[in-house]
Amino acid sequence: MRLRHIEIFQAIRQTGSVSGAAQLLHVSQPAVTKVLQHAELQLGFKLFLRVRGKLQATPEALELEREVDKVTESLQGVRRLAQSLRRDPGHNLRIGATPALALSLLPPAISEWTRRYPNIVCELSSAHSRELVQNLLMREIDVALSLQPPDHPGLKAQVLAHSVLVVLAPIDYWADESKGRPLPLMELAGAPLIGLSSADPLSAKLDSYLKAVEPPPRVSIAVQTYSLARAMVESGAGLAVIDPFTALGASPATTAIRPLAPALPISLYAVTRADEAPAHTLSNLLEIFSRRAQEQLDRLMDKG
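Treat the numbers as computed from the prediction; the structure is a model and nothing was measured.

### A closer look at the overall build of the protein
Check the secondary structure of the protein and you find eleven helices and 13 strands. The C-alpha radius of gyration computed for the protein amounts to 26 Å, which surpasses the reference 19 Å derived for 304 residues by more than 25%, pointing to a less compact arrangement than a globule. Residues counted as buried form 45% of the 304 residues belonging to the protein. Long-range pairs, those at least 24 residues apart, make up 77% of the contacts in the protein with a sequence separation of at least 6.

### Some details on the environment of glutamate 65
Structurally, glutamate 65 is set in helix α4 (residues 59-86). Since its relative accessible area comes to 18%, glutamate 65 is described here as buried. Distance in space between the C-alpha atoms of glutamate 65 and glutamate 112 is 48 Å, their sequence separation being 47 residues. Dropping the residues within four chain positions of it, glutamate 65 is found in contact with Phe9 and Arg13. Within the structure, glutamate 65 has its side chain in polar contact with the side chain of arginine 13 (distance 3.0 Å).

### A word on the pattern of salt bridges
Tallying each qualifying case throughout the model produces twelve salt bridges. With its nearest N and O atoms 3.0 Å apart, the salt bridge here joins arginine 292 to glutamate 112. A residue pair is termed long-range when its members are at least 10 positions apart, and arginine 292 in helix α11 (residues 282-303) and glutamate 112 in helix α6 (residues 106-116) qualify at 180 residues. For glutamate 112, a relative accessible area of 12% puts it in the buried group. Here glutamate 295 ties to arginine 292 by a salt bridge, and the two come within 3.9 Å at their closest N and O atoms. With glutamate 295 and arginine 292 both in helix α11 and three residues apart, the pair spans about one turn of that helix. A residue is classified by how much of its surface remains accessible, and glutamate 295, at 38% relative accessible area, is partly exposed. Through salt bridges with shared partners, one network takes in Glu112, Arg116, Glu287, Arg291, Arg292 and Glu295.

### Describing helix α7 (residues 129-137)
Residues Ser129, Leu132, Asn135 and Leu136 constitute the buried set of α7. Angular distribution of buried residues about the axis of α7 spans 115°; they occupy a single face of the element. At its buried positions, α7 is contacted by β3 (92-97), β5 (143-146), β6 (155-164) and β13 (265-273). After α7 finishes, the residue arginine 139 shows a positive phi value of roughly 60°.

### Focus: the sheet that holds strand β11 (residues 239-242)
Across the sheet, which stays open at both edges, the six strands sit in the order β8-β12-β7-β11-β9-β10 with mixed pairing between neighbours. Only two strands of the sheet have a single neighbouring strand rather than two, namely β8 (183-184) and β10 (218-223). Examined bridge by bridge, strand β7 (residues 166-170) and β11 share three bridges and lie antiparallel to one another. Across the sheet, valine 166 pairs through a bridge with isoleucine 242, a residue of β11. Contacting β7, β9 (192-196), β10, β11 and β12 (255-261), helix α9 (residues 226-234) runs over the sheet at an angle of about 155° to β11.

### Description of the sheet that holds β5
Reading across the sheet, the five strands line up as β4-β3-β5-β13-β6 and stay open at both edges, with mixed pairing between neighbours. Edge strands, defined here as strands with exactly one partner in the open sheet, are β4 (121-126) and β6. Ignoring strand direction, the axes of neighbouring strands in this sheet form an average angle of 20°. In this sheet, β4 lies alongside β3 in parallel orientation, the contact comprising six bridges. By the bridge assignment, leucine 93 is partnered in β4 with cysteine 122. The sheet strands contacting α6 are β3, β4 and β5, and the helix crosses β4 at an angle near 170°. Sheet strands in contact with α7 are β3, β5, β6 and β13, and its direction is about 165° off that of β5.

### Quick notes on the packing of aromatic side chains
What characterises a pair of aromatic rings is the spacing of the ring centres plus the angle enclosed by the ring planes. Tallied over the full model, the rule gives three aromatic pairs. Taken together, a centroid distance of 5.7 Å and an interplanar angle of 45° make the contact between tryptophan 113 and tyrosine 117 tilted. For the pair shown, tryptophan 113 and tyrosine 117 are each scored as buried. Their ring planes at 80° and their centres at 5.9 Å tell us that tyrosine 173 and tryptophan 174 sit as a pair that is edge-to-face. Note on tyrosine 173: relative accessible area 37%, which makes it partly exposed. One Lys or Arg, arginine 258, reaches over the ring of tryptophan 174 and ends 4.9 Å from the middle of that ring.

### What about the pairing of β12?
With six of seven residues buried, β12 lies mostly within the body of the structure. Two elements, β7 and β12, share five bridges in a ladder whose sense is antiparallel. When the bridges of β12 are listed, leucine 168 appears paired with isoleucine 257. Of the pairings in the sheet, the one linking β8 to β12 comprises two bridges and is parallel in character. If you follow leucine 183 over to β12, its bridge partner there is leucine 260.

Criteria and thresholds
Residues numbered from 1 in each chain as written. Predicted model: local features only at pLDDT ≥ 70, side-chain atom pairs only at ≥ 80, totals over all residues. Heavy atoms only, no water. Helix = DSSP H or I, 4+ residues; strand = E, 2+ residues; numbered from the N terminus. Rg over C-alpha atoms; globule rule 2.2 N^0.38 Å. Buried < 20%, exposed > 50% of the residue type's maximum accessible area, 1.4 Å probe, protein only. Contact = heavy atoms within 4.5 Å. Polar contact = N/O pair within 3.5 Å; in protein donor to acceptor, adjacent residues only side chain to side chain. Salt bridge = Lys/Arg side-chain N within 4 Å of Asp/Glu carboxyl O. Arc of directions from axis to C-beta. Pairing = 2+ DSSP bridges. Axes fitted to C-alpha atoms, helices over the stretch in contact; angles between N-to-C directions. Phe/Tyr/Trp six-rings, centres within 6.5 Å; stacked < 30°, edge-to-face > 60°. Lys NZ or Arg CZ within 6 Å of the ring centre and 35° of its normal.

As structure tokens, this is what we get:
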């Protein structure tokens, strides 16, 4: 099938008629009919049958549709990439961040940065680490903030801050005198722990870390995001081992924070494309991110 065949095929699938497809694509009905007939001639089978006045896809067309959708998705990616390549990098900066960082770090940092550069448009987005990698490779963003280093040769990472994972617990879980102090790993033995989804990049690292705990923590709830883990702790469902940026967003009236001992290190990364020079203002932005991140991390013990 040619690209024009695919375009007509999808328009008919969407509208259910030749006239609807013609209207959707802003062409004449005879033009749509001619392209459809040419596609069916090349394929050697019918794509649509008329059923009660509507064009209904044949079984063969339904099988083709799965692959057609993949081609369409790729074409949309090409269009997005072309649009990104046309933009003027001096007039806007596109920043992506994981949900936890988008909520905790982006607002104060971007507020400071836009006061410094009021004429540059700043586009913000939030996605998980794997999606941010794809967004960077497709040139849909210029920099990504993540707690995971990229595993791709086309990307490079700069460390902005170092920290450790922390344990977040309901406010009355620990005695007052222990709050804020490092939590010995073995104190997690048998504890009701909110687990991380196996799809999370930190899940395997955390599982390996907790292997020394006997009896192991009781994991009856697993979540896909740190923010949801924090919400579960705030509701009293158990403890969570999460990043400090997410933990610091928890309510001090209902939760307490303690770093683990021995420490389980974590870093904040700024990820960019390896094959191009960054926008001239990016270094200033990363300096703000680094400073603001450290300010938040310095609050960690005060909130414990």
